[in-house]
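# A look at the structure
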Amino acid sequence: MTFPASVPSIVHNRIRRFDDSHTIERYVAEGGYEALRKALTSMTPEQVHEEVKTSNLTGRGGAGFPAGNKWGLLPPDVFPRYVVVNGDESEPGTFKDRELMERDPHQLVEGALICAYAVRATRVFLYVRGEMALAQERVGQALVDAYARNFVGNDIMGTGWSMDVVLHWGAGAYIVGEETALIESLEGKRAFPRIKPPFFPAAKGLYYKPTIVNNVETLSNLPWIVTNGGAAFAAMGGGRSTGTRIESLSGHVKRPGNYEIEQHNTTFRDLIFDPALGAGMRSDVPLKMFIPGGASAPWLFPEHLDTKIDGDEAAKLGTMLGSGAVVVMDESTCSVRAAWNIVHFFAHESCGQCTPCREGTTWLERILWRIETGSGREEDLDLLLDVSDNISVGLGWPPKQTTICPLGPSAASPILSSVPHFRDEYLVHVKEGGCPHGR
Amino acid sequence: MPRLTAENVARCEALMARYPQPRSALIPMLHVLQEQDGHLSNDGMRHLAELLDVTPAEVLGTASFYEMFKRDETGRYLIGVCAGISCMILGAHQLIEHAEETLGIRAGATTADGMFTLERMECLAACGGAPCFQANYRYFENVTHEDFDRTIADLRAGVLDDIVPPHGTLSRVVLPKAQTDPQRVTPEEVRQTS
Ligand SMILES: Cc1cc2nc3c(=O)[nH]c(=O)nc-3n(C[C@H](O)[C@H](O)[C@H](O)COP(=O)(O)O)c2cc1C
Ligand code: SF4
Ligand code: FES
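Residues numbered from 1 in each chain as written. Chains lettered and ligands numbered in written order. Predicted model: local features only at pLDDT ≥ 70, side-chain atom pairs only at ≥ 80, totals over all residues. Heavy atoms only, no water.

## Comments concerning the site of ligand 2
Residues and elements named next belong to chain A. Taken together, 13 residues sit near ligand 2, with Cys351, Gln353, Cys354, Cys357 and Cys405 positioned nearest. Taken atom by atom, the bulk of ligand 2 overlaps the largest cavity. Taken together, the residues of the shell around ligand 2 sort by class into eight nonpolar, five polar and no charged. (Near = heavy atom within 4 Å. 1 Å grid on protein atoms, 1.4 Å probe; cavity = no way out; pocket = protein on both sides within 12 Å on 5 of 7 lines; lining within 4 Å. Sits in = over half its atoms within 2 Å of the grid points. Nonpolar A, V, L, I, M, F, W, Y, C, P; charged D, E, K, R; others polar.)

As structure tokens, this is what we get:
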């Protein structure tokens, strides 16, 4: 794939240029682990933390919380404390972390080590989604090689600083991606989210010890930030959306894929239509809607194409950039079926602890399915909104939470997006006894 | 039904040594067991419970939560076709029907010769390559119906053995030993801080 030079490149820097970007030879030849050396030999943990604060790097896992601020929430002088890397990527539409783990695992390991140094962690755990066998093997091999060259382990590069990185195999459950569920899972239990407060990971995380959970992409930015300085990162983008981020683009576009774009200075139109990015609609069927930030995010429509890819701009439209997944759907897509697919996902993945989520998602799925297959009633449209309102009171975004974690309220997103916007299409389903799109 | 072999007990002990609490190794240990037998037997899970000094019910409680763990005999190849949103709008449902026809089974079932189990999966994080499927969690992207049939034939013929090990083998990399003190955190200590 060819990329225009004008598009900035931080975390995709090597992936773009080399087929062997996953090897230690390539990584070291490209200056790998030099950022770690710089941090360990010429910076205090506080100075590293300060650079990350200056960069205004925000979490790329979904919630968008500034990483430097999160690290600042650790209670001082409480040890042991841990860094947990969230590599459970399973938000529908998202496939960027997998690529980062498969194609540049050393960048992630180096980023995790830098984080561990900055927060004075005792140990790093790298939780990788179970269904990603290649990522498991690539990250595993990266660790083997990094230990062999003393980039990980005892007395790293002779600096006197020691750190272990433990790769952990997941086993298939979307809810593990939620940080407190991830911690439970890492303790060998079912992945039931914990209630916050009191279980904010920074205060009471793994084994109820202070814990920093960060996403794969978030941490992959750290080597660059240490090398080039937080200010250089903050100089890209604008507002509170600094630096670059990866957008996972899929659906009805000519060139689906992961694209590293400059935040704030790129619009959704650029992402979907630029010849070097999505290159426009597949089969040239017009755009009907797009999901701007993973299946949890409320949808956007053609009139929103000129919106900047910027967290605050998305929030103004009542949605989010979330996990950076953009799913593009053309006019051939049935909005009822699309909503059903996403609600079905959340119903399937609900951990079952909270009644509004467990029961509500199941009801929503059934109602959508009967509309799609021709047994729907006109009252079902209001029923959908009513049930949604019981899971996500007031149907706003970000949702008011009635549940332990945000999974339940997220299931209402496709309903609050599609029912008002495509009311006529829903009614056609009801009146004509099923989906007019065929299948 | 078999317990873990001595070699796999050693692998499990190495896993347990990596965590401040051995129980944290339970999910990786279940993968070791599943690699050994292709699925999780009750005897095997009892053996894990002994190693970790927890009850068999606790092991089962964890195992049953996660979709990759199979308590029933599973085909040599677990074929998981993605039905997530990006794949659905690019023909996933048709691909699943086609897979059912090719394999002669419904999603959820195993072929009579024990070669293939077919599953409908949620998003596999390969949406840019929709529609897609996995064989034992190894990816096949942008697949046509013909591609699917060819892959099944190749798996049957054993020509993909290097890429796709038998069901249960998640990673073939032997992970490095930790070098620093794990600083054990006892369950009692956890209870006090909670
Ligand atoms: C239901 C649910 C699923 C989530 N899945 C993921 C995931 O797969 N990967 C991820 O990094 N974060 C996921 N998150 C967000 C995490 O809880 C957490 O905010 C994130 O890992 C923190 O890292 P960051 O600040 O670097 O983004 C999920 C959150 C929820 C509520
Ligand atoms: S909202 Fe749903 S997924 Fe989250 S804790 Fe409650 S039941 Fe589980
Ligand atoms: S929707 Fe199929 S891989 Fe994501």
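There is more to say after this.
## Notes on the interface of chain A and chain B
Of the residues lining the interface, 75 residues belong to chain A; the matching set on chain B comes to 64 residues. Together, the buried faces of chain A and chain B total about 5700 Å²; carbon and sulfur atoms form 59% of this surface. One can count three salt bridges joining chain A with chain B. Residue Glu137 of chain A pairs with Arg138 of chain B through a salt bridge whose shortest N-O separation is 3.5 Å. Within the residue set of the side of chain A that touches chain B, elements represented by two or more residues are helix H6 (96-103), strand E2 (123-128), helix H8 (133-148), strand E3 (165-169), helix H9 (179-186), strand E7 (244-251), strand E10 (325-330) and helix H15 (335-349) of chain A. Here the side of chain A that touches chain B gets nine residues from one element, more than from any other, and that element is H15 of chain A. (Contact = heavy atoms within 4.5 Å. Buried area = accessible area lost by both parts, 1.4 Å probe. Salt bridge = Lys/Arg side-chain N within 4 Å of Asp/Glu carboxyl O. Helix = DSSP H or I, 4+ residues; strand = E, 2+ residues; numbered from the N terminus.)

## Some thoughts on the site of ligand 1
Residues and elements named next belong to chain A. Gly61, Asn86, Asn214, Asn215 and Thr218 are the nearest of the 17 residues found near ligand 1. In the model, an oxygen atom of ligand 1 is placed 2.9 Å from a nitrogen or oxygen of the Lys70 side chain. Taking Asn215, its side chain carries an N or O atom lying 2.7 Å from an oxygen atom of ligand 1. In isolation ligand 1 offers 610 Å² of accessible surface; the protein chains occlude 91% of this area. (Polar contact = N/O pair within 3.5 Å; in protein donor to acceptor, adjacent residues only side chain to side chain. Areas by Shrake-Rupley, 256 points an atom, 1.4 Å probe, with all protein chains shown as cover.)

## Examining the packing of aromatic side chains
For any two aromatic rings, the description comes down to two numbers: the centre-to-centre distance and the angle of the planes. Residue and element names in this part refer to chain A. Scanning all chains against the criterion turns up 20 aromatic pairs over all chains. When the centroid spacing of 5.6 Å and the interplanar angle of 75° are considered together, the rings of Phe301 and Phe422 count as edge-to-face. Pair noted here: Phe301 is in the loop between strand E9 (287-291) and helix H14 (311-316) and Phe422 is in the loop between helix H19 (413-421) and helix H20 (423-431), with a separation of 121 residues, a long-range link. Phe422 carries the same exposure label as Phe301, and that label is buried. Its guanidinium or amino end placed over the ring of Phe18, Arg26 lies 3.9 Å from that ring's centre, counting from NZ or CZ. Just above the ring of Phe199 sits the side chain of Arg194; from NZ or CZ to the centre is 5.6 Å. (Phe/Tyr/Trp six-rings, centres within 6.5 Å; stacked < 30°, edge-to-face > 60°. Buried < 20%, exposed > 50% of the residue type's maximum accessible area, 1.4 Å probe, protein only. Lys NZ or Arg CZ within 6 Å of the ring centre and 35° of its normal.)

## A few points about helix H17 (residues 379-391) of chain A
The terminal C-alpha atoms of H17 of chain A, which comprises 13 residues, lie 19 Å apart, in line with the 18 Å expected from a rise of 1.5 Å per residue. Looking at the buried positions of H17 of chain A, the neighbouring elements they touch are helix H16 (355-372), helix H18 (407-410), H19 and H20 of chain A. (Expected span 1.5 Å × (residues − 1).)

## Topic: the packing of H17 of chain A against H20 of chain A
Residues and elements named next belong to chain A. Axis separation between H17 and H20 bottoms out at 9 Å; the angle between their running directions is 125°. Comparing their axes, H20 and H17 come out oblique. Facing H17, whose interface residues are Leu381, Asp382 and Leu384, H20 presents Arg423, Tyr426, Leu427 and Val430. Considering only residue class, the contact of H17 with H20 consists of five nonpolar, no polar and two charged. (Axes fitted to C-alpha atoms, helices over the stretch in contact; angles between N-to-C directions. Parallel < 35°, antiparallel > 145°, perpendicular 65-115°, else oblique.)

## Structural notes on the pairing of strand E8 (residues 257-262) of chain A
Residues and elements named next belong to chain A. A large share of E8 lies buried, amounting to five of its six residues. Where E7 and E8 come together, six bridges link them in antiparallel fashion. Residue pairing across strands places Leu249 opposite Gly257, the latter belonging to E8. (Pairing = 2+ DSSP bridges.)

## Concerning unusual backbone geometry
Of note, the amide linkage connecting Trp397 of chain A to Pro398 of chain A takes the cis form, showing an omega dihedral of 0°. Of note, the bond from Ala130 of chain B into Pro131 of chain B is cis; its omega dihedral lies within 30 degrees of zero at -10°. Considering the arrangement of structural elements, one finds Pro131 of chain B in the loop between strand E2 (116-121) and strand E3 (133-135). Of note in this structure, Met157 of chain A is not a glycine but carries a positive phi near 50°. Mapped onto the secondary structure, Met157 of chain A falls in the loop between H8 and E3. Although it is not a glycine, Leu395 of chain A adopts a positive phi angle of roughly 55°. Structurally, Leu395 of chain A can be placed in the loop between H17 and H18.

## Some thoughts on the sheet that holds E3 of chain B
Residues and elements named next belong to chain B. Ordered in space as E2-E1-E3-E4, the four strands form an open sheet in which the pairing is mixed. Whereas interior strands pair on both sides, the edge strands pair on one side only; in this sheet they are E2 and strand E4 (138-140). Neighbour-to-neighbour, the strand axes of the sheet open up by a mean angle of 25°, direction not taken into account.

## Structural notes on empty space enclosed by the protein
Counted under the stated rule, the structure contains three cavities of 30 Å³ or more. Lining of the largest cavity is provided by 13 residues; of these, Cys351, Cys354, Cys357, Cys405 and Leu407 of chain A occupy positions nearest its centre. Residue classes in the lining of the largest cavity are distributed as eight nonpolar, five polar and no charged. Roughly 50 Å³ of internal volume is contained in the second largest cavity. Along its surface, the second largest cavity is lined by His31, Gln34, Met68, Asn136, Tyr137, Arg138, His167, Gly168, Thr169 and Leu170 of chain B. For the lining of the second largest cavity, a count of residues per class yields three nonpolar, six polar and one charged. (Points joined across faces, edges and corners; volume = space filled by probe spheres on them.)

## Side note on the sheet that holds E10 of chain A
Residue and element names in this part refer to chain A. Here four strands make up an open sheet; going across it, the order is E8-E7-E10-E9 and the pairing mixed. Pairing within the sheet leaves two strands with one partner each, and these edge strands are E8 and E9. Within the sheet, the average angular offset between the axes of one strand and its neighbour, ignoring direction, is 30°. Two strands pair when backbone bridges link them, and E7 and E10 are joined in this way by four bridges, in the parallel orientation. Within E10, the residue paired with Ser248 across the bridge is Ala325.

## Topic: the confidence of the model for chain B
Predicted confidence across chain B gives a mean pLDDT of 96, with 98% of residues reaching 70 or more. The ipTM, which scores confidence in the relative placement of chains, is 0.97 for this predicted complex, and the corresponding pTM is 0.97. (pLDDT = per-residue confidence, 0-100.)

## Points about the pattern of salt bridges
Going through the model one piece at a time under the given rule, you end up with 41 salt bridges over all chains. In this structure, Glu131 of chain A and Arg129 of chain A form a salt bridge, with 3.0 Å as the shortest nitrogen-oxygen distance. The class for Glu131 of chain A is buried, based on a relative accessible area of 8%. Look at Arg129 of chain A and you get buried, because its relative accessible area is 6%. Arg11 of chain B is the salt-bridge partner of Glu35 of chain B, the closest N and O atoms lying 3.3 Å from each other. Pair noted here: Glu35 of chain B is in helix H2 (residues 26-37) and Arg11 of chain B is in helix H1 (residues 6-16), with a separation of 24 residues, a long-range link.

## Remarks on helix H4 (residues 45-55) of chain A
Residues and elements named next belong to chain A. Within H4, burial applies to Pro45, Val48, His49, Val52 and Ser55. What you see down the axis of H4 is that its buried residues fit within an arc of 120°, all on one side. Where H4 is buried, its residues meet helix H3 (34-42), helix H5 (67-71), helix H7 (105-118), helix H11 (222-228), helix H12 (230-234) and strand E6 (241-242). Looking one or two residues beyond H4, the residue adopting positive phi is Asn56, at roughly 55°. (Arc of directions from axis to C-beta.)

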